[in-house]
Amino acid sequence: MSETCESATAYVIAALEAKGTATRDDFDVPAIVAATRGITESWDFQAIEDATFWRIAASFLRV
């Protein structure tokens, strides 16, 4: 399966909601996708280190 913007977005949503403590509505998902894409230069977000992903996500937490 090729990685796409849609699959990357689904990956981000699944990661954010995996622990059950937050939902996609708590974050600016499109901004997380854009920032992660900028770092990875790919839609394959599984290649990014967990710590890097969570730093990006934390910076787009809606308050």
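Residues numbered from 1 in each chain as written. Predicted model: local features only at pLDDT ≥ 70, side-chain atom pairs only at ≥ 80, totals over all residues. Heavy atoms only, no water.

(A) Seen up close, the nonpolar core. Grouped together as the largest cluster of nonpolar side chains are 15 residues, with contacts concentrated most on Val12, Leu16, Phe27, Val29, Ile32, Phe53 and Ala57. Elements with a minimum of two residues in this core: α1 (5–17), α2 (29–40) and α3 (50–59). Per-element tally for this core: the top contributor is α1, with 5 residues. The contacts of Ile32, once residues within four sequence positions are left out, are Val12, Leu16, Phe27, Phe53, Ile56, Ala57 and Phe60. (Core = buried A, V, L, I, M, F, W, Y, C linked by side-chain atoms within 4.5 Å. Buried < 20%, exposed > 50% of the residue type's maximum accessible area, 1.4 Å probe, protein only. Helix = DSSP H or I, 4+ residues; strand = E, 2+ residues; numbered from the N terminus. Contact = heavy atoms within 4.5 Å.)

(B) Spatial organisation of the pattern of salt bridges. Inspection of every chain in the model, using the stated rule, returns 2 salt bridges. Salt-bridge contacts for Arg24 lead to Glu17; the nearest nitrogen and oxygen are separated by 3.2 Å. Of the charged contacts, one joins Arg62 and Asp28 as a salt bridge, the two residues approaching to 4.0 Å between their closest N and O atoms. With a gap of 34 residues between them, Arg62 in the segment after α3 and Asp28 in the loop between α1 and α2 connect regions that are remote in the sequence. (Salt bridge = Lys/Arg side-chain N within 4 Å of Asp/Glu carboxyl O.)

(C) Fine view of α2. The terminal C-alpha atoms of α2, which comprises 12 residues, lie 16 Å apart, in line with the 16 Å expected from a rise of 1.5 Å per residue. Buried residues along α2 sit in contact with α1 and α3. Positioned one or two residues after α2, Glu41 has a phi angle of 55 degrees, which is positive. (Expected span 1.5 Å × (residues − 1).)

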